[in-house]
Amino acid sequence: MASVKPVPVFDGHNDVLLKLRGAGGRPATRLFREGSDFHVDLPKARAGGFAGGFFAIFVPSPLDLAVMKAEMDKPEYDLPLPDPVPQQAALPVVMEKAALLMQLEAEGALRICRSAADIRAAMDAGEMAAVMHVEGAEAIDPEFHVLDVLYAAGLRSLGPVWSRPTIWGEGVPFRYPSTGDVGPGLTEDGKRLVRRCDAMGIMLDLSHLNEKGFWDVAEISEKPLIATHSNTYAFCPQARNLSDAQLDAVARSGGVVGLNFATGFLRRDGQMRAQMPLAVMLEHLDHMIRRMGEDHVALGSDFDGAVVPEEIGSVAGLPALIEAMRAHGYAEARIEKIAHGNWLRVLETTWGG
C-alpha cells in the first residue's frame with residue numbers, strides 16, 4: 001500500500017540557525033542536509049511534511065539553560081529579564097546567522113522566500129520554504145541602515161524584542177503565573193520602527209512583546225497583527241501567552257496566531273516538560289478558533305528553541321498532531337488552513353503579494 005503523503009506544514013517559528021551556530025557554523029550545514037539531533041533537518045522534514053517556515057535569527061543572552069529549565073519545573077517561577085544586548089555585540093551574530101541561512105540556500109537545502117508566491121513555488125517544487133526572521137531587533141540601528149541591508153538579503157519578518165529590553169520596547173519575562181502586562185510600551189524609536197516595517201512590507205511579530213507594546217503596535221500598524229509563536233492565557237497563565245482581548249484584536253485585524261509547541265506555554269501548570277498529551281494543544285487550538293475563527297489560527301512550533309511534546313519530538317512527528325486534529329473532529333479544510341493556508345493568506349496581505 002502506498003504511504004499517505006503528509007499534510008504540508010508551514011511553521012511560524014524555528015531556531016535551527018541557533019543550533020547550527022552552536023554546532024560549528026558553516027561546516028555544520030551538512031548536519032541540516034544529511035541528518036542531525038536537531039528538531040529541524042531535511043530528512044526529518046521529508047518524513048513529517050515540514051514544508052518550511054520562519055527561520056529565526058536570534059542573539060542569545062548568556063543564560064544557564066539548565067538553571068532556566070529547573071526554574072520552569074517549579075509550581076511558580078519568575079526569571080528576570082536578561083540585560084540588554086548592545087548593537088555592536090548583536091550585529092556580528094545576526095550577520096553570521098543570516099549567512100548560514102544563505103549558505104543553506106546555496107547548498108540547495110532550502111529557498112529563501114520573499115513573497116507568498118515564492119513560498120507556494122517552493123512548496124510546489126518540493127523545496128523547503130524559508131522566511132528570514134529576526135527575533136529581537138538589537139542589531140538594528142535607529143537610522144535603519146542595517147534593516148535596509150537585511151531586507152535586501154531577504155528579511156521579511158521582524159520581532160522588535162525577545163524577552164529582554166531593546167531600544168524599541170520591552171519583552172515579557174518567563175514568569176508563571178503572570179499576564180503580559182509588564183513594563184512600558186514601545187519607545188518613540190519603536191513606533192518609528194513599526195511605521196518603517198509597514199512601509200517596507202516587513203511583517204511584525206508580536207510574540208515576546210509585552211502587552212502595552214502589543215497595543216501600541218495595534219494602534220500604529222496598518223497591517224494584520226501577528227504573533228508567530230504564542231498560546232492562550234486562558235489555558236496557561238504564562239506571561240508569554242495572549243489574553244482573550246489580544247486574540248480578539250488579532251482577529252479584527254485579519255491577523256494570525258501560531259500555536260507554540262513549547263510545553264511551558266501549553267501546560268496548565270506552566271512547566272517545561274515533554275510529558276504532555278496532544279489534547280492540551282487541541283484545547284488551545286479550540287479556544288483560539290472560538291475567539292478568532294479558523295482563518296486566524298496557525299502553527300508556530302518553536303522547534304530547536306524549546307521543549308516540545310514527546311509525542312511530536314521533531315518535525316518528523318508533525319503527522320501525529322495532524323492526526324490528533326482529525327481525531328478531534330477537525331475537517332480537512334480546517335486542518336489545511338491551520339497547517340499552512342492561513343500563513344499564506346496573511347503573508348500575501350502583509351507583504352503585498
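Being a predicted model, the structure only gives us computed values, none of them experimental.

Here is what the cut-offs are and how they apply
By convention here, each chain's residues receive numbers from 1 onward along its written sequence. Local features in this predicted model are restricted to residues of pLDDT 70 or higher, and side-chain atom pairs are both shown and tallied only at a pLDDT of 80 or more, whereas totals for entire chains, interfaces and linings draw on every residue. Side-chain calculation: all heavy atoms of the structure are included, whereas hydrogens and water are not. Secondary structure elements are defined from DSSP: runs of H or I of at least 4 residues count as helices, runs of E of at least 2 residues count as strands, and each element is numbered from the N terminus. Using a 1.4 Å probe on the protein chains alone, a residue whose accessible area is under 20% of its type maximum counts as buried, one over 50% counts as exposed, and one in between counts as partly exposed. Between two residues, a contact is recorded if the distance between any of their heavy atoms is within 4.5 Å. Accessibility throughout is a Shrake-Rupley quantity obtained with a 1.4 Å probe, and a residue counts as covered only by protein chains that appear here. Charge counting treats Lys and Arg as positive and Asp and Glu as negative, with His and both chain ends excluded. Just so you know, the charge point we use is NZ for Lys, CZ for Arg, CG for Asp and CD for Glu. Any two strands are treated as partners once DSSP identifies two or more bridges connecting them. For helices, the axis comes from a line fit to the C-alpha atoms of the stretch in contact; other axes are also lines fit to C-alpha atoms, and the angle between any two N-to-C directions lies between 0 and 180 degrees.

Participant: Go over the overall build of the protein, please, and point to the residues and values.
Facilitator: Within the protein one finds 13 helices and 11 strands. Reported as C-alpha extents along the three principal axes, the dimensions of the protein are approximately 60 × 45 × 40 Å. Classification of the 353 residues of the protein by burial places 59% in the buried group. In the protein, 74% of the contacts between residues at least 6 apart in sequence involve partners at least 24 apart. If you sum the accessible surface of the protein, you get close to 13100 Å²; carbon and sulfur atoms cover 54% of it. One way to put it: in the protein the 34 positive side-chain charges average out to a point 2 Å from where the 47 negative ones average out.

Participant: Break down unusual backbone geometry for me, with residues and values.
Facilitator: Cis peptide bonds are those with omega within 30 degrees of zero, and the linkage from Y176 to P177 qualifies with -10°. With respect to the secondary-structure elements, P177 resides in the loop between β7 (174-176) and α8 (188-200). Unlike most non-glycine residues, D304 shows phi in positive territory, near 65°. With respect to the helices and strands, D304 occurs in the loop between β11 (297-299) and α12 (318-327). D304 sits in the buried class, given a relative accessible area of 4%.

Participant: Please set out the side chain of N210 residue by residue, giving values where relevant.
Facilitator: When you line up the elements, N210 lands in the loop between β8 (203-204) and α9 (211-220). The exposure class of N210 is buried, given its relative accessible area of 0%. Apart from residues lying up to four places away in sequence, N210 is in contact with E170, G171, V172, G180, V182, G183 and P184.

Participant: Run through the pairing of strand β2 (residues 50-58), naming residues and quoting values.
Facilitator: Most of β2 is tucked away, with 9 of its 9 residues classed as buried. Here strand β1 (residues 9-14) runs beside β2; their pairing, made up of 4 bridges, is parallel. Paired with N14 across the bridge in β2 is F55.

Participant: Can you break down the sheet that holds strand β10 (residues 256-259) residue by residue, with the values?
Facilitator: Backbone hydrogen bonds hold the strands of a sheet together, and the pairing may be parallel or antiparallel. The strand order β9-β10-β11 describes an open sheet built from 3 strands, whose pairing is parallel. Among the strands making up the open sheet, the edge pair consists of β9 (226-227) and β11. Where β9 lies against β10, 2 bridges are found, and the strand directions are parallel. The residue bridging A227 from the neighbouring strand is V257, located in β10. In the packing of helix α11 (residues 279-292) onto the sheet, contacts are made with β10 and β11, and the angle to β10 comes to roughly 170°.

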